[in-house]
Amino acid sequence: MSCSEDHTESVDCTVKPPVFLQIGDTKGDSARSGVCVVDVTLPYGKPINIEKITFKNYYTAYVTVRLLRRKAEKEGSTKWCTALTDLALMDNPHTDGGSQNYFSIHRRQMQVQPDHVESIRLILRQPSSAWRIFSLEDIRLFPHKELAPEKEVSDWLSDLIVVKQPPDLEGLPDPQTVSSSIQQMWALTEVMQANRTTASIGRFDVDGCYDINLLSLT
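What counts as what
- Residues numbered from 1 in each chain as written.
- Predicted model: local features only at pLDDT ≥ 70, side-chain atom pairs only at ≥ 80, totals over all residues.
- Heavy atoms only, no water.
- Core = buried A, V, L, I, M, F, W, Y, C linked by side-chain atoms within 4.5 Å.
- Buried < 20%, exposed > 50% of the residue type's maximum accessible area, 1.4 Å probe, protein only.
- Helix = DSSP H or I, 4+ residues; strand = E, 2+ residues; numbered from the N terminus.
- Phe/Tyr/Trp six-rings, centres within 6.5 Å; stacked < 30°, edge-to-face > 60°.
- Lys NZ or Arg CZ within 6 Å of the ring centre and 35° of its normal.
- Expected span 1.5 Å × (residues − 1).
- Salt bridge = Lys/Arg side-chain N within 4 Å of Asp/Glu carboxyl O.
- Polar contact = N/O pair within 3.5 Å; in protein donor to acceptor, adjacent residues only side chain to side chain.
- Contact = heavy atoms within 4.5 Å.

By the naming in an unreviewed UniProt entry, the chain goes by Nicolin 1 and is assigned to Oryzias melastigma.

Caption draft 1: Local environment of the nonpolar core. Ile53, Val65, Leu67, Ile120, Leu122, Ile139 and Leu141 are the most contacted members of the largest nonpolar core, which has 30 residues in total. Within the residue set of this core, elements represented by two or more residues are strand E3 (32-41), strand E4 (50-58), strand E5 (62-70), strand E6 (78-88), strand E8 (117-125) and strand E9 (135-143). Looking at this core element by element, the count peaks at four residues for E8.

Caption draft 2: Just the packing of aromatic side chains, in detail. If you walk through the whole model with that rule in mind, you get four aromatic pairs. Ring geometry for phenylalanine 55 and phenylalanine 103: centres 5.9 Å apart, planes at 25°, overall stacked. Linking phenylalanine 55 in strand E4 with phenylalanine 103 in strand E7 (residues 102-106), this pair joins segments that are 48 residues apart in sequence. Ring-pair connections join several aromatic residues into one group, and the members of that group are Tyr58, Tyr59 and Trp131. The lysine or arginine in question, lysine 52, covers the ring of phenylalanine 142, its NZ or CZ lying 4.9 Å from the ring centre. Arginine 121 extends its terminal NZ or CZ atom over the ring of tryptophan 80, reaching a point 4.9 Å from the ring centre.

Caption draft 3: Helix H2 (residues 175-194), seen in detail. The first and last C-alpha atoms of H2 sit 29 Å apart over 20 residues, in line with the 28 Å expected at 1.5 Å per residue. Judged by how many residues are buried, H2 sits mostly at the surface: zero of 20 residues are covered.

Caption draft 4: Quick peek at the pattern of salt bridges. Here the structure, examined in full by the defined rule, presents five salt bridges. In this structure, glutamate 118 and arginine 70 form a salt bridge, with 2.2 Å as the shortest nitrogen-oxygen distance. On the criterion of sequence distance, the pair formed by glutamate 118 in strand E8 and arginine 70 in strand E5 is long-range, its members being 48 residues apart. Residues glutamate 118 and arginine 70 agree in their burial class; the two are buried.

Caption draft 5: Molecular detail of the side chain of glutamine 126. Within the fold, glutamine 126 resides in the loop between E8 and E9. What makes glutamine 126 buried here is its relative accessible area of 3%. A polar contact of 3.0 Å, which involves the side chain of glutamine 126, links it to the backbone nitrogen of serine 128. Not counting chain neighbours up to four residues away, the residues in contact with glutamine 126 comprise Gly34, Tyr59, Thr60, Ala61, Met90, Pro93, Trp131 and Phe134.

See below:
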């Protein structure tokens, strides 16, 4: 059974048929141990970093997730490790609560980093004899995507292009003319201050006498 290809975000993988463990040499249903193994394999040479695993339950009480990971520093070296142990999928193994619900196992729930994964082994348990057949359906794997690091303010500023534009001087007088006029005014002020008289000037008196025409009657 292959993962559905119509889901654009899930990766291509192959889900092998469930294998029920038997007790002793007997192969009848009465000798089943209540343990089932489902292997999910990825294309050869294309390990992935897992973000989450989704599936629909079918009367499985507990699931354990094991990963076959490739060691990044050692080419060709792989090792099995347990990422999650006995995750409860049903409220009670003897009742059907949660028996056909959809579940997601996220990266943050796993005990190890699910990186460089080549294969996944799902170990299913159903201790109740009420459900002789149990499995997981519609198993999908979603890859982990690293988020682009946020830029610091200094990084944004360094990306800005500074464009130097000359100041708009349209409508303003010529700077040289303004400077020349200011210098002339300053020189005239200096001359006036040098020739300033100290004699007091009366407002209404003429030769020490008051002109009656200059006085206002109130």
